[in-house]
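# Survey of secondary and tertiary structure
So the chains spell out like this:
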Amino acid sequence: MSLPLFKDVGKRVSDLLTKDFPSDKKEQKAEWKSTTQDGVKLEFNVKTESGKGEPKTVGLIKNEFVYKPFAVNVVGELNTDREAKVELSTQDKFVKGLKGIFAVQSQAKKHSLEYFETVSFEYRHQLVSATGSAEIGRATDNALKGSLVLGSQGVTVGTSAEYVRKESSTELKDLKTSLGYASDEFDVIAYGKVAGSNASRTTEVGASYYHKLSGDFAVGTEIKFDVTNKDTDKKPVLTFGTSWRHTPTALFKGRFDTEGKLSLSYAQEVNKSTKFLVGTTIKTADPSAKDGTQFGFTLSLNG
């Protein structure tokens, strides 16, 4: 079995504590997905978020298919923020376990559009996994990213780094290392992270634990320490989460942290083509305050 990529180390506890909580961003979303007989995937969605200020609505169109003569996977995206992306990728074509990716993107600036390309790769093996990517064509702040994971018999040690190329220098933006153990039933991960520019850099250490108690019930926890400045009185943040599949088509999730935030969500598959997700986040210290109680929902339709 191949090692996970660095971004997927600890994925089960990350999904447990962050996924399917639409109230975190006060998100209201409707989506439609379909796959044709030829294997072409289509997706349309519209979502409104107001978690970081004024409500913002964005629509997205996504198309994905395989160009069979060259075994190339093609993905196209376009949204109402004037952002577009075309991605080409190949898997196992030249080396087993190697995925090559080339993408062309556009992003809206104040008075113009910025176009740039990204060249990247992902490699997975039983004892090692690695990724690398480079942005080309931005006026400034082109990103360089890389990661490496080594492991055996469930134990992994990994690191990832992101640098930003300025006009006359290269600056570290993000550095993270992790040490973990994973089995079918549980995961244990310890990590350290340095993030931000030189002027506003933060340092964080933490650990997480995930346990699948049964096929329907799982629990997890994460603790984070901000050690940027030892003179501050910042306390560690401890988060607990759980998921319970009440029936094959219904899922309850709950999350609580030591900052007093309680989040609950419920997902229900009505039939093969319809699913809805609702959630709420409550600041238990003052639920009646502004943003003290937040709601969110997602309606998913499959054609």
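Residues numbered from 1 in each chain as written. Predicted model: local features only at pLDDT ≥ 70, side-chain atom pairs only at ≥ 80, totals over all residues. Heavy atoms only, no water.

Moving on to a positive patch on the surface. A cluster of basic residues, K19, K33, R245 and K275, forms a positive patch on the protein surface. Residue placement: R245 occurs in strand β15 (residues 237-247). According to the relative accessible area criterion, R245 is partly exposed, its value standing at 32%. (Patch = residues over 30% accessible without salt bridge, like charges linked within 9 Å, V, L, I, M, F, W, Y side chains within 5 Å. Areas by Shrake-Rupley, 256 points an atom, 1.4 Å probe, with all protein chains shown as cover. Salt bridge = Lys/Arg side-chain N within 4 Å of Asp/Glu carboxyl O. Lys, Arg positive; Asp, Glu negative; His and termini not counted. Charge placed at Lys NZ, Arg CZ, Asp CG, Glu CD. Helix = DSSP H or I, 4+ residues; strand = E, 2+ residues; numbered from the N terminus. Buried < 20%, exposed > 50% of the residue type's maximum accessible area, 1.4 Å probe, protein only.)

A separate point is a nonpolar patch on the surface. On the surface, W32, F44, I61, L78, V278, F297, L299 and L301 cluster together to form a nonpolar patch covering roughly 660 Å² of accessible area. Looking at which element gives the most residues to the nonpolar patch, the answer is strand β19 (residues 293-302), with 3 residues. Looking at the element boundaries, L299 is found in strand β19.

Right, let's talk about the pattern of salt bridges for a bit. Applying the stated rule across the entire model yields 16 salt bridges. Between K29 and E31 there is a salt bridge whose closest N-O contact spans 3.5 Å. Of the residues examined, E31 reaches a relative accessible area of 13% and is grouped as buried. K85 is paired through a salt bridge with E87; the nearest N and O atoms lie 3.4 Å apart. Taking relative accessible area as the criterion, K85 reaches 24% and is therefore assigned partly exposed. In this structure E87 comes out as buried when scored by relative accessible area, which is 19%.

Take unusual backbone geometry next. Negative phi characterises most residues that are not glycine, and trans characterises most peptide bonds. Phi at D20 takes a positive value of approximately 65°, unusual for a residue other than glycine. With respect to the helices and strands, the residue D20 is situated in the loop between α1 (11-18) and β1 (28-35).

This part is about the environment of S133. Along the chain, the position of S133 falls in strand β8 (residues 128-136). When the C-alpha atoms of S133 and A143 are compared, they prove to be 8.0 Å apart, with 10 residues separating the residues in sequence. For S133, the contacting residues outside a window of four places in its chain are T118, V119, S120, A143, L144 and K145. (Contact = heavy atoms within 4.5 Å.)

Take the packing of aromatic side chains next. Under the criterion given, the structure shown has 7 aromatic pairs. A ring pair is formed by W244 and F252, whose centres lie 5.6 Å apart and whose planes are at 20°; its orientation type is stacked. Aromatic rings pair up to connect W244, F252, Y266 and F276 into one cluster. Lying over the aromatic face of F116, R138 brings its terminal NZ or CZ to 3.8 Å of the ring centre. One cation-aromatic arrangement involves K176 over Y191; the distance from NZ or CZ to the ring centre is 4.8 Å. (Phe/Tyr/Trp six-rings, centres within 6.5 Å; stacked < 30°, edge-to-face > 60°. Lys NZ or Arg CZ within 6 Å of the ring centre and 35° of its normal.)

The next thing to look at is the pairing of β8. For a regular strand, side-chain orientation follows a simple rule: the groups alternate between the two sheet faces. Both strand β7 (residues 113-124) and β8 contribute to a ladder of 8 bridges, which runs antiparallel. Looking at β8, one finds that F121 is bridged to G132. Following β7, the chain reverses through 3 residues before pairing antiparallel with β8. (Pairing = 2+ DSSP bridges.)

Let's shift gears to α1. Along α1, the positions that sit buried rather than exposed are V13, L16 and L17. Taken around the axis of α1, the buried residues stretch over an arc of 85°, which confines them to a single face. Those residues of α1 that are buried are in contact with β13 (202-212), β14 (217-226), β15 and β16 (250-257). Just downstream of α1, D20 is the residue with a positive phi angle, here 65°. (Arc of directions from axis to C-beta.)

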